[in-house]
Amino acid sequence: MHQDEQKALVANEAVSLILQEISAGEILGIGTGSTVNLFIDALAPYTKHFKGVVSSSEASTARLQGYGFLVFDANEVNDLIAYVDGADEINPRGEMMKGGGGALTREKIVAAMSNQFICICDSSKQVATLGKFPLPIEVIPLSSAHIQRLLEKKWGGKVSLRTVKNQASEIFVTDNGAWILDVSDLKIEHPKEFEMELNQIPGVICNGIFALNPANTLIVSSSAGVKRINY
Ligand code: 5RP
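Residues numbered from 1 in each chain as written. Predicted model: local features only at pLDDT ≥ 70, side-chain atom pairs only at ≥ 80, totals over all residues. Heavy atoms only, no water.

**Let's talk about the site of the ligand**
Heads up, the rule is: Summary of the distance rule: residues count as near a molecule or strand when at least one heavy atom falls within 4 Å of that molecule or strand. Here a polar contact is recorded for every N or O atom pair within 3.5 Å, except that within protein the pair must consist of a potential hydrogen donor and a potential acceptor, and residues adjacent in sequence are included only if both atoms are side-chain atoms. To measure how exposed things are, a 1.4 Å probe is used in the Shrake-Rupley method; for residues, cover is taken only from the protein chains shown. Only Asp, Glu, Lys and Arg are considered charged, only Ala, Val, Leu, Ile, Met, Phe, Trp, Tyr, Cys and Pro nonpolar, and every remaining residue, Gly among them, polar.
Inspection of the region around the ligand gives 17 residues, with Ser-34, Thr-35, Asp-88, Gly-99 and Lys-125 positioned closest. A distance of 2.9 Å separates an oxygen atom of the ligand from a polar side-chain atom of Lys-98. Within the contact set of the ligand, an oxygen atom lies 2.8 Å away from a backbone nitrogen or oxygen of Gly-99. Considered on its own, the ligand offers 380 Å² of accessible surface; in the complex 91% of this is hidden by protein. Taken together, the residues that form the shell around the ligand break down as two nonpolar, nine polar and six charged.

Shown next, in the form of structure tokens:
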């Protein structure tokens, strides 16, 4: 089965789960990425089931509004019944690496507001140890060279400043007006500790390790079909 078909499978399964388990009139948190785009498409016939949504990126907001969802600002709501998002990697404890799409900071905020994190992905994202996918770190632009040196010296990571896809000379700017450092050659054996340690570096806005607040449920697909895993 092609990867896009596997993504569509988890998107549809997540819609089924939500319609089964979440009563009408709630506000749902919605993430960012190609898998989430398929989830939004599959959720579109059910706009009236929800009071509204909170989104983790301008891109998802535009897609949701295109379908008629009421998109609340995060400051307008107290908490969210659930948050649905993809991942770049997920380990057997539900700890994730995220931020491939550059939305990690808002994703972590909306996830923190949510009662449960439902991760949707295909089985290529399941790993034993996080770190094969380069770790995204969102930084204040003027701190980027200093943070790059520190990451290389202290952790031996290979760091690159993210640029716009197919435009190597144009720096990628996040929805928050910040930059992203992508760090490869890391083997993240202790994700919670590393997540906390990175948060202490001046200039770091957010890092892409989601271990302190991991997924509660994983909906994952492979050529064998789709399954749900609760952590
Ligand atoms: C965006 C993310 C995405 O969830 C992650 O990159 C997975 O994306 P996709 O569903 O396109 O594989 O963290 O910042």
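**Section: the state of the cysteines**
The following threshold applies: By disulfide we mean two sulfur atoms from cysteines, separated by a distance within 2.5 Å. Three labels apply to residues, based on accessible area from a 1.4 Å probe with only protein chains included: buried if under 20% of the type maximum, exposed if over 50%, partly exposed otherwise in between.
Using the criterion set out here, one finds zero disulfides in the structure. Among the cysteines around Cys-119, which has no disulfide bond, Cys-121 carries the closest sulfur, lying 4.4 Å off. Overall, Cys-121 belongs to the buried group, its relative accessible area being 0%.

**Notes on helix H3 (residues 58-66)**
Under the convention used in this document: Secondary structure elements follow DSSP: runs of H or I no shorter than four residues count as helices, runs of E no shorter than two count as strands, and numbering proceeds from the N terminus. For this quantity, the arc is that covered by the directions from the helix axis to the C-beta atoms. Any two residues whose heavy atoms approach within 4.5 Å are treated as being in contact.
Every buried residue belonging to H3 is among Ser-60, Thr-61 and Leu-64, and all of these are buried. Considered in projection along H3, the buried side chains sweep an arc of 100° and stay on one side of the axis. Within H3, the exposed residues directed more than 90 degrees away from the buried face are Ala-59 and Gly-66. At its buried positions, H3 is contacted by strand S1 (26-30), helix H2 (34-43), strand S2 (50-55) and strand S3 (71-72). Looking one or two residues past H3, Gly-68 carries a phi angle of roughly 95°, positive in sign.

**Topic: the nonpolar core**
In plain terms, the rule: Buried Ala, Val, Leu, Ile, Met, Phe, Trp, Tyr and Cys residues form a nonpolar core when they are joined through side-chain atoms within 4.5 Å.
Counting residues in hydrophobic clusters, the biggest one holds 24 residues, and the most contacted among them are Ile-18, Leu-28, Ile-30, Phe-39, Leu-43, Ile-118 and Ile-120. Put simply, the parts of the chain that give this core at least two residues each are helix H1 (3-21), S1, H2, S2, strand S4 (82-85) and strand S7 (117-122). Broken down by element, this core gets its largest block of residues, six residues, from H1. With near-sequence residues (within four places) excluded, Ile-120 lies in contact with Val-10, Ala-14, Thr-35, Val-36, Phe-39, Val-84, Asp-85, Gly-86, Ala-87 and Ile-219. With 19 residues, the next largest nonpolar core counts Val-54, Tyr-83, Val-110 and Ala-111 among its residues.

**As for the environment of Ala-145**
Tracing the backbone shows Ala-145 in helix H5 (residues 144-155). Counting along the chain gives 74 residues from Ala-145 to Val-71, while the straight-line C-alpha distance between them is 36 Å.

**Overview of a nonpolar patch on the surface**
In plain terms, the rule: Each patch is built from salt-bridge-free residues with over 30% relative accessible area, joining like charges within 9 Å and nonpolar side chains (Val, Leu, Ile, Met, Phe, Trp, Tyr) within 5 Å. Here a salt bridge means any side-chain nitrogen of Lys or Arg lying within 4 Å of a carboxyl oxygen belonging to Asp or Glu.
A surface patch of nonpolar side chains, amounting to about 310 Å² of accessible area, comprises Ile-140, Leu-142 and Ile-205. Tracing the sequence through the fold places Ile-140 in the loop between strand S8 (135-139) and H5. According to the relative accessible area criterion, Ile-140 is partly exposed, its value standing at 41%.

**Comments concerning the sheet that holds S3**
Applicable threshold: One bridge is not enough; two strands pair if DSSP finds at least two bridges between them. Lines fitted to C-alpha atoms define the axes, with helix axes restricted to the stretch in contact, and inter-axis angles between N-to-C directions lie between 0 and 180 degrees.
Ordered by their spatial adjacency, seven strands build an open sheet running S3-S2-S1-S4-S7-S15-S16, and the pairing between neighbours is mixed. The open sheet has two free edges, formed respectively by S3 and strand S16 (225-230), since each of these has just one partner strand. Relative to S4, S1 is paired through three bridges, and the arrangement is parallel. Its bridge partner being in S4, Ile-30 is matched across the sheet by Val-84. Across the sheet, H1 lies against S1, S2, S4, S7, strand S15 (217-222) and S16, angled at about 145° from S15, the strand it touches most. Where helix H4 (residues 104-112) meets the sheet, its contacts fall on S1, S2, S4 and S7, and the angle it forms with S4 comes to roughly 150°.

The analysis is restricted to geometry; functional conclusions fall outside its scope.
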